[in-house]
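Structural features, examined
Listed below, chain by chain, are the residues.
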Amino acid sequence: MRHRIRIFDIDIDGITLAQAVARMLAWSNDPTAACRSVFTPNLDHIVILAKRPEVRTAYRNASLVVADGWPIVFASRLLGRRLPERVAGSDLVPGVLAEANRSPTRPLRTFLLGAAPGVAERAAARIRQRWSSVPVVGCYSPPFGFENDAFENERILETISAAKPDLLIVGFGAPKQELWLHRYRDSIDARVAVAAGGTIDFMAGEQRRAPRWMQKSGLEWLHRMLSDPRRLALRYARDAWEFPWLLWREWWPPGPDNPSG
């Protein structure tokens, strides 16, 4: 039975990284079910979905939702709805590939969708080098504005279907990747699809993850911001401003006893 925690108007699965890896691999071996989607919200996602109901709808239909951001884990504990640990997408995807590589009875066919041109191919080369029993069966970087092009989206779906992956790793960025997976959930010919953000870039070596001590101490955001301040500084400043208000509303939601909440 699933243990889900309601927080910030979405349901997050209260599971560990190891449990999430095991669940995704079990799904990847199930040929009878429709594609299952996996979302990994961080603080920026929480700020976005608070304003956009269509993103909340996409989250409600996800098969697995795990907390990527430390602020979400911290808030869950502060509010008495304890999540066991942070499950970052950039840990989850390599964890699935590593576990599949250790048990190559049935190879995990993997498709990389997203990132800048050429990045997915570099990530695929590194996957083959590091996890040699994991076949990468396709890579594709859609052009700018593809989400509004019906012909291009049909081509993407046909390309995925021809490759027949077990695992589809999608790196469009939030919330585009979550909305795309929700929109085409009945047409994606893969067993599991994970909205992985910058994970393809990490696997390609385009970006470097923070040192382990920064990851464990909740400072990975600082490493990322210093690595790309032009793109991330304003976003993180906005999130830092809005998150306390969202947390306050979780603590004391609007209602008859708190009409101004």
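We now turn to the structure provided with this report. (Residues numbered from 1 in each chain as written. Predicted model: local features only at pLDDT ≥ 70, side-chain atom pairs only at ≥ 80, totals over all residues. Heavy atoms only, no water.)

**Brief notes about the packing of helix α1 (residues 17–28) against helix α5 (residues 89–102)**
Between α1 and α5, the least distance of the axes is 9 Å, while the angle of their chain directions is 60 degrees. In terms of orientation, α1 lies oblique with respect to α5. As α1 packs across α5, the resulting crossing turns out to be right-handed. Each of Leu17, Ala20, Val21, Met24 and Leu25 in α1 lies in contact with α5, whose residues at this interface are Asp91, Leu92, Gly95, Val96, Glu99 and Ala100. Looking at side-chain class alone, the contact of α1 with α5 contains 8 nonpolar, 1 polar and 2 charged residues. (Axes fitted to C-alpha atoms, helices over the stretch in contact; angles between N-to-C directions. Helix = DSSP H or I, 4+ residues; strand = E, 2+ residues; numbered from the N terminus. Parallel < 35°, antiparallel > 145°, perpendicular 65-115°, else oblique. Left-handed = near helix turned anticlockwise from the far one by under 90°. Contact = heavy atoms within 4.5 Å. Nonpolar A, V, L, I, M, F, W, Y, C, P; charged D, E, K, R; others polar.)

**Topic: the pattern of salt bridges**
Summed over the entire model, instances satisfying the criterion amount to 16 salt bridges. In this structure, Lys51 engages Glu242 in a salt bridge whose closest nitrogen and oxygen atoms are separated by 2.9 Å. A residue pair is termed long-range when its members are at least 10 positions apart, and Lys51 in the loop between α2 (43–49) and α3 (53–60) and Glu242 in helix α12 (residues 229–251) qualify at 191 residues. Since its relative accessible area comes to 52%, Lys51 is described here as exposed. Among the ionic pairs, Asp189 bridges to Lys164, the shortest N-O distance being 3.4 Å. In this pair, Asp189 is assigned in the loop between α8 (176–183) and β8 (192–195) and Lys164 in the loop between α7 (150–163) and β7 (167–171), connecting sequence segments 25 residues apart. Three or more residues joined by partner-sharing salt bridges are found here, namely Arg6, Asp9, Asp11 and Arg56. (Salt bridge = Lys/Arg side-chain N within 4 Å of Asp/Glu carboxyl O. Buried < 20%, exposed > 50% of the residue type's maximum accessible area, 1.4 Å probe, protein only.)

**Focus: the packing of aromatic side chains**
For the coordinates displayed, the defined rule picks out 4 aromatic pairs. With centroids separated by 5.0 Å and ring planes inclined at 75 degrees, the aromatic side chains of Phe39 and Tyr59 adopt a geometry described as edge-to-face. With a gap of 20 residues between them, Phe39 in strand β3 (residues 36–39) and Tyr59 in helix α3 connect regions that are remote in the sequence. Judged by relative accessible area, Tyr59 falls into the buried class, the value being 4%. Both rings, one in Phe172 and one in Trp180, keep their centres 5.6 Å apart while their planes meet at 90 degrees; by these two values the pair is edge-to-face. No difference in accessibility class separates Phe172 from Trp180, as the two residues are buried. By way of ring pairs, the aromatic residues Phe146, Phe172, Trp180 and Tyr184 are connected into one cluster. (Phe/Tyr/Trp six-rings, centres within 6.5 Å; stacked < 30°, edge-to-face > 60°.)

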